[in-house]
Amino acid sequence: MKTILVPTDFSPAAENAAHYALFLSRHLQADLLLTHAFKVPAETRVAAQAAWPLENYEEIRQETQQALGLLRHQLEQEAAIKIYPQLHQPRIIDIAELGGVTTTIRNLVDHHHAPLVVTVMSGIGLIHRFLLGSSRRDLLEKATFPVLLVPARPMPRQLRKIAFATDLSETDIDIIHSLTSLARPFNAEILIAHVTDAKYDAVEHQQQVDEFLKHVSCKTNYPRIYYRHSKSMDVDHVLDWLSEHGMIDMLAMVHRPHPVLERLIKGSHTQRLARHVRVPLLVFPPDAHNVFF
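Help me understand the overall build of the protein chain, please; the structure alone is not making it clear to me.
Counting secondary structure elements, the protein chain contains 10 helices and 10 strands. A total of 293 residues make up the protein chain; the buried ones form 53% of that total. When contacts within the protein chain are restricted to residue pairs at least 6 apart in sequence, those whose partners lie at least 24 apart make up 82%. For the protein chain, the computed accessible surface area is about 14,300 Å², with 52% contributed by carbon and sulfur atoms.

Here it is, written out as structure tokens:
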């Protein structure tokens, strides 16, 4: 059974992301694993000079486990409402871990073979620093798994169209193949979105597009894939526009070390993206192959 990993800081925004993960799990035939990484004061520079009482460590762990249990109970209650009785009833477990956020997530993904991490795009406290600061960048740089960032506002329980931003790299074909495993249970469309500036050779570009789409068709065997080309000097603006006006329910992209996606990962642009992108943002690692949801 597949497992979706859901890190949380217990904020309302993170709770909303957990409910969206539940929605996905019921269609993807997956279980949920809730987790929170906590640290004790003994890990700080001041407290390192003295031993931290064991009972205080246990108290922090128990409080964390209790908060996870409350969230698990909420999700179990939602899953028990049989509006759609044919949907999968996921098993929901929770684990409190001592350590850093990035290390905890990577270890749990490896241990449970989780194909997806779902967490909040912006929030408060630990997750806010994790997503908009160095820890978020560290996770996306080191992740060997997709990370789905969910906006703080409640998301509609639907997935009708996924837009995938591509530069027509050959490796994106495998990513689109992976996306079909997410789209298929929802019968969702996949919109391949390619943005170029005005300075391009139309004939050469069309040949590249035709070759790319031919390989996509052979690889995926999924009929609900469409292509859209946009000319713009501002790629970010096009992606924002798609999320707001393109009638899409999710935006997907690959994190690569080139200027466009670097701006998406760096804090200043990520903060703008978190404010403007109104749909979940699915970020793939550059070497993702055969990721099936």
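On we go.
Would you mind going over the sheet that holds strand β7 (residues 189-196) with me for this structure?
For sheets, the rule is that strands pair by backbone hydrogen bonds, running either parallel or antiparallel. The 10 strands lie next to each other as β3-β2-β1-β4-β5-β10-β9-β6-β7-β8, forming an open sheet whose pairing is mixed. At either margin of the open sheet sits one strand with a lone partner, and together these are β3 (92-98) and β8 (225-231). The average undirected angle you get between the axes of adjacent strands in this sheet is 25 degrees. Of the pairings in the sheet, the one linking strand β9 (residues 250-254) to strand β10 (residues 281-284) comprises four bridges and is parallel in character.

Is there a simple way to think about the side chain of T8 in this case?
Following the sequence through the fold, T8 ends up in the loop between β1 (2-7) and α1 (12-28). On the basis of relative accessible area, T8 is assigned to the buried category, the value being 3%. Of note is the side chain of T8, whose polar atom sits 3.0 Å from the backbone nitrogen of F10.

So what exactly am I meant to see when it comes to the nonpolar core here?
Buried together is how nonpolar side chains tend to be arranged in soluble globular proteins. Counting residues in each nonpolar core, the largest one holds 56 residues, and the members touching the most others are L24, L182 and L282. In terms of residue count, α1 provides more of this core than any other element does, 10 residues in total. Core analysis: the next-biggest nonpolar cluster, separate from the first, contains 24 residues, A37, I105, M121 and I248 among them.

How should the packing of aromatic side chains be read in this particular structure?
Here the distance between the centres and the angle between the planes together describe a pair of aromatic rings. Applying the stated criterion to the full structure yields three aromatic pairs. Ring geometry for Y20 and F23: centres 5.4 Å apart, planes at 50 degrees, overall tilted. Of this pair, Y20 and F23 are both found in helix α1, three residues apart, which corresponds to roughly one turn of the helix. By the burial criterion, Y20 is buried, and F23 matches it. For the ring pair F23 and F186, a centre distance of 5.5 Å and an interplane angle of 50 degrees mean the geometry is tilted. Remark: F186 occurs in the loop between α6 (172-183) and β7 and F23 occurs in helix α1; sequence separation between them is 163 residues. Ring pairing ties together the aromatic residues Y20, F23 and F186, which thus form one cluster.

Just to check I follow, could you spell out the pattern of salt bridges for this structure?
Where charged atoms of side chains with opposite charge meet at close range, the side chains can pair. Under the criterion given, the structure shown has nine salt bridges. Note that R72 is salt-bridged to D94, the shortest N-O span being 2.4 Å. Pair noted here: R72 is in helix α2 (residues 54-80) and D94 is in strand β3, with a separation of 22 residues, a long-range link. In this structure R72 comes out as partly exposed when scored by relative accessible area, which is 26%.

So what exactly am I meant to see when it comes to α1 here?
Working note: α-helix, 3.6 residues per turn, so residues spaced by three or four point in the same direction. Compared with the 24 Å implied by 1.5 Å per residue over 17 residues, the 24 Å span of α1 between its first and last C-alpha is a close match. Judged by how many residues are buried, α1 sits mostly within the fold: 14 of 17 residues are covered. Where α1 terminates, the next one or two residues include Q29, which has phi positive at roughly 55 degrees.

For this particular structure, what's the right way to read the environment of R160?
Looking at the secondary structure, you find R160 in the loop between β5 (147-150) and β6 (161-166). The exposure class of R160 is partly exposed, given its relative accessible area of 48%. Between the C-alpha atoms of R160 and A183, which are 23 residues apart in sequence, the distance is 8.1 Å. Sequence-distant contacts of R160, that is, excluding residues within four places in its chain, are made with A188, E189 and D249.

I keep staring at the packing of α6 against helix α7 (residues 202-220) and nothing clicks. Help me out?
Geometrically, a packed helix pair is captured by the angle between its two axes and the distance between the axes. Running from N to C, α6 and α7 point in directions that differ by 40 degrees, and their axes come no closer than 9 Å. On the basis of the axis angle, α6 is oblique to α7. Helix-helix and strand crossings are classified by hand; for α6 and α7 the assignment is right-handed. Counted together, D172, I173, D174, I176, H177 and T180 of α6 and F212, H215, V216, K219 and T220 of α7 form the full contact between these two elements.

Just to check I follow, could you spell out the pairing of β9 for this structure?
A regular strand places its side chains on the two faces of the sheet in alternate fashion. Counted residue by residue, β9 has five buried out of five residues, so it is predominantly covered. The two faces of β9 match: M250, A252 and V254 on one face and L251 and M253 on the other face are all buried.

About the criteria used
- Residues numbered from 1 in each chain as written.
- Predicted model: local features only at pLDDT ≥ 70, side-chain atom pairs only at ≥ 80, totals over all residues.
- Heavy atoms only, no water.
- Helix = DSSP H or I, 4+ residues; strand = E, 2+ residues; numbered from the N terminus.
- Buried < 20%, exposed > 50% of the residue type's maximum accessible area, 1.4 Å probe, protein only.
- Contact = heavy atoms within 4.5 Å.
- Areas by Shrake-Rupley, 256 points an atom, 1.4 Å probe, with all protein chains shown as cover.
- Pairing = 2+ DSSP bridges.
- Axes fitted to C-alpha atoms, helices over the stretch in contact; angles between N-to-C directions.
- Polar contact = N/O pair within 3.5 Å; in protein donor to acceptor, adjacent residues only side chain to side chain.
- Core = buried A, V, L, I, M, F, W, Y, C linked by side-chain atoms within 4.5 Å.
- Phe/Tyr/Trp six-rings, centres within 6.5 Å; stacked < 30°, edge-to-face > 60°.
- Salt bridge = Lys/Arg side-chain N within 4 Å of Asp/Glu carboxyl O.
- Expected span 1.5 Å × (residues − 1).
- Parallel < 35°, antiparallel > 145°, perpendicular 65-115°, else oblique.
- Left-handed = near helix turned anticlockwise from the far one by under 90°.

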